[in-house]
Amino acid sequence: MSKPDPQKQREFAIEAVRILQQAGFEACFAGGCVRDQLLGREPKDFDIATSARPDEVRDLFGHRRTLPIGASFGVITVLGPRGAGQFDVATFRSDGKYSDGRHPDEVRFSSAEEDAQRRDFTINGMFFDPVNERIIDYVGGQVDLERCVVRAIGAAEVRFAEDKLRMLRAVRFAATLAFELEAETAAAISRMADQLTAVSSERIAAEMQRMLVDPHRLRALTMLRYTRLAEVLFAGINVHDESSWDRALRTADHLDAPGYALALAAVLGELTDSRTAGELGQKWRLSNEVLRRLTWLVSNRAELTGAAQLPWYRIQPLLIHPGAADLVALCAARAEIGQFDPADVDFCRQRLLWPAERLDPPALLSGDDLVARGVPQGSVYRELLSAVRDAQLQGEIQTQADALALVDRLLKSR
Ligand code: ATP
Ligand code: MG
């Protein structure tokens, strides 16, 4: 599906609210999109809340244009016309008891006010009626938004006990919006941080991704540490050593629009080794791609040291690796905090600008060439080919004939 056009998305969402209201129901925008709009940001998507029941929503928009995937908790997905994307229409509800520390056991359809009360933070608990252009705020969200505060709706401790993921969400919103955590909300997290283990690894990893790729990652990490969530998230890794933690923060802070693996590698590289970083990545069920990149970056983070002086054949394999740009970015960030020589970073950056055939020229010899030459098969092949490759990269030999002559010399001298 192509990316929806924000303008069309918004127009259709307003149209949907109008359709619901004209049918006699209450309907409004809810949650994140109201917050984003008040902050002058483009909402990622529009969520609509309504007094209509799921079957009434389906009848109104037609079964062909709706998906009942979330109907059991009151959510109907409405498919917009071309380019308008899709959005969720959720019946006002209150959540029942939470016995697993993450999901309500049941939901009950209710009023707009109760629906606001079940939401996590005041800034996320507002409604906006786009037809009458009216904010409906039962939870003091506007004041907190103006004061730049993330505050749990109701008693923080109770709300975090219901759903422990909210502790991480609190930090994520506070960090990425550059807001403060309200004192009692922060204190409740500090008291309850240990309970984060009730949250699935995937959800933890997804929240961490959003925090770490965000430009405010230093703020996020700082908040995670003072709320004690960091020690739970990074269990088995020492987050209490001031100097390594400080390096981790500052390295991460110097990254420019990093991917998840790079951002995580910047942090973990200062705190632990690649094996432990890999174990954490596995625990978080990172994708193989991210996990492989992460461990590669952590284990090679010092390998470009001295790059400008080392033989090119030592550095070249790192710079033709798919992670090369990330590795050089990591070294650059470390150089910013005095942990790496900027001259080596410059050298690597220059080399990365080389055209592919210069950076990684085709091999002069293959195993087949050695067979044709009558070299007896065995481990010597690997040695010979790597010696030929090194000589080629060093510029000592240029042609296949040079390569074969080198092979002969090496065989003779064995
Ligand atoms: P974004 O999508 O930008 O992360 P959002 O506020 O839209 O921010 P969502 O996760 O999409 O966040 O959730 C939409 C709304 O649902 C939230 O604004 C909030 O009102 C409510 N909500 C989401 N998750 C929870 C939760 N775990 N507990 C209580 N309310 C929640
Ligand atoms: Mg959202």
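Computed from a prediction, not measured in an experiment: that's the story for all the values here.

Cut-off values and rules
- Residues numbered from 1 in each chain as written.
- Chains lettered and ligands numbered in written order.
- Predicted model: local features only at pLDDT ≥ 70, side-chain atom pairs only at ≥ 80, totals over all residues.
- Heavy atoms only, no water.
- Near = heavy atom within 4 Å.
- Polar contact = N/O pair within 3.5 Å; in protein donor to acceptor, adjacent residues only side chain to side chain.
- Areas by Shrake-Rupley, 256 points an atom, 1.4 Å probe, with all protein chains shown as cover.
- 1 Å grid on protein atoms, 1.4 Å probe; cavity = no way out; pocket = protein on both sides within 12 Å on 5 of 7 lines; lining within 4 Å.
- Sits in = over half its atoms within 2 Å of the grid points.
- Helix = DSSP H or I, 4+ residues; strand = E, 2+ residues; numbered from the N terminus.
- Pairing = 2+ DSSP bridges.
- Expected span 1.5 Å × (residues − 1).
- Buried < 20%, exposed > 50% of the residue type's maximum accessible area, 1.4 Å probe, protein only.
- Arc of directions from axis to C-beta.
- Points joined across faces, edges and corners; volume = space filled by probe spheres on them.
- Nonpolar A, V, L, I, M, F, W, Y, C, P; charged D, E, K, R; others polar.
- Domains from an automatic or database assignment.
- Contact = heavy atoms within 4.5 Å.
- Buried area = accessible area lost by both parts, 1.4 Å probe.
- Salt bridge = Lys/Arg side-chain N within 4 Å of Asp/Glu carboxyl O.
- Phe/Tyr/Trp six-rings, centres within 6.5 Å; stacked < 30°, edge-to-face > 60°.
- Lys NZ or Arg CZ within 6 Å of the ring centre and 35° of its normal.
- Axes fitted to C-alpha atoms, helices over the stretch in contact; angles between N-to-C directions.
- Parallel < 35°, antiparallel > 145°, perpendicular 65-115°, else oblique.
- Left-handed = near helix turned anticlockwise from the far one by under 90°.

1. Things to note about the site of ligand 1
Inspection of the region around ligand 1 gives 15 residues, with Arg35, Asn124, Asp163, Arg166 and Arg172 positioned closest. In the model, an oxygen atom of ligand 1 is placed 3.1 Å from a nitrogen or oxygen of the glycine 32 main chain. Between ligand 1 and aspartate 163 there is a distance of 2.8 Å, counted from a nitrogen atom to a side-chain nitrogen or oxygen. With the chains in place, 79% of the 580 Å² that ligand 1 exposes on its own is no longer accessible. Put simply, ligand 1 lies in the largest pocket. The set of elements that each furnish at least two residues to the shell around ligand 1 consists of α2 (32–38) and α7 (165–176).

2. Focus on the pairing of strand β1 (residues 27–30)
Remark: a regular strand shows side chains that alternate across the two faces of the sheet. In the sheet, β1 pairs with strand β2 (residues 47–50) via 3 bridges, with the strands oriented antiparallel. Following the sheet pairing, cysteine 28 is matched in β2 by alanine 49.

3. Overview of helix α22 (residues 400–412)
Over its 13 residues, α22 runs 18 Å from end to end, which matches the ideal 18 Å to within 8%, given 1.5 Å per residue. Within α22, the full set of buried residues consists of Ala403, Leu404, Leu406 and Val407. For α22, the angular spread of buried residues about the axis comes to 155°, placing them on one side. Exposed residues on α22 whose side chains face more than 90 degrees from its buried face are Ala401, Arg409 and Lys412.

4. Observations regarding the layout of surface pockets
As a volume, the largest pocket reaches approximately 1600 Å³. Forming the walls of the largest pocket are 43 residues, and the residues nearest its centre are Gly32, Asp47, Arg119, Asp120 and Arg169. Within the residue set of the lining of the largest pocket, elements represented by two or more residues are α2, β2, β3 (66–70), β4 (75–79), β5 (86–91), β6 (93–95), α7 and α9 (201–213). Here the element with the most residues in the lining of the largest pocket is α7; it accounts for 6 residues. Broken down by class, the residue content of the lining of the largest pocket amounts to 14 nonpolar, 7 polar and 22 charged.

5. Digging into the domain arrangement of the protein
Here the protein is partitioned into domain 1 (1–147), domain 2 (254–360) and domain 3 (367–404). The straight-line distance from the C-alpha centre of domain 2 to that of domain 3 is 29 Å. The interface is formed by 5 residues belonging to domain 2 together with 4 residues belonging to domain 3. Between domain 2 and domain 3, roughly 450 Å² of surface is buried when both sides are summed, and carbon and sulfur atoms account for 56% of that area. Of all residues in domain 2, the largest losses of buried area upon contact with domain 3 belong to Trp312, Tyr313 and Gln316, amounting jointly to 79% of the total for that side. Linking domain 2 with domain 3 are 1 salt bridge, by the criterion used here. Across the pair arginine 389 and aspartate 360 runs a salt bridge, and its minimum N-O distance is 2.7 Å.

6. What to know about the packing of aromatic side chains
Two numbers describe a pair of aromatic rings. These are the distance of the centres and the angle of the planes. Evaluated as defined, the whole model comprises 9 aromatic pairs. Measuring from centroid to centroid gives 5.8 Å for phenylalanine 92 and phenylalanine 127, while their planes differ by 65°, and the two rings are edge-to-face. With phenylalanine 92 in the loop between β5 and β6 and phenylalanine 127 in strand β8 (residues 127–129), this residue pair connects regions lying 35 residues apart in the sequence. The class of phenylalanine 127 is buried, set by a relative accessible area of 0%. Ring geometry for tryptophan 312 and phenylalanine 347: centres 6.3 Å apart, planes at 75°, overall edge-to-face. Separated by 35 residues along the polypeptide, tryptophan 312 in helix α16 (residues 312–319) and phenylalanine 347 in helix α18 (residues 342–352) bring together distant segments of the chain. For the pair shown, tryptophan 312 and phenylalanine 347 are each scored as buried. These aromatic residues form a ring-pair network of at least three members: Phe29, Phe46 and Phe128. Positioned over the ring face of tryptophan 312 is arginine 351, at 4.7 Å from the centre of the ring.

7. Quick look at the packing of helix α14 (residues 274–283) against helix α15 (residues 288–300)
For the pair α14 and α15, interaxial distance at closest approach is 9 Å and the crossing angle is 160°. When the interaxial angle is binned, α14 and α15 end up roughly antiparallel. Classified by chirality, the crossing of α15 by α14 is right-handed. Facing Ser274, Ala277, Gly278, Gly281 and Gln282 of α14, the residues of α15 in contact are Leu291, Leu294, Thr295, Val298 and Ser299.

8. Some thoughts on the sheet that holds β8
In space, the 7 strands of this open sheet follow the order β3-β4-β5-β2-β1-β8-β9, with mixed pairing throughout. The open sheet is flanked by β3 and β9 (134–136), the only strands paired with a single partner. Between one strand axis and the next, the sheet turns by 35° as a mean value, whatever way the strands run. Relative to β4, β3 is paired through 3 bridges, and the arrangement is antiparallel. Looking at the pairing, threonine 66 lines up with valine 78 of β4. The sheet strands contacting helix α1 (residues 6–22) are β1, β2, β4, β5 and β8, and the helix crosses β1 at an angle near 145°. Packing against the sheet, helix α3 (residues 54–61) makes contact with β2, β3, β4 and β5, and its axis sits at approximately 15° to β4.

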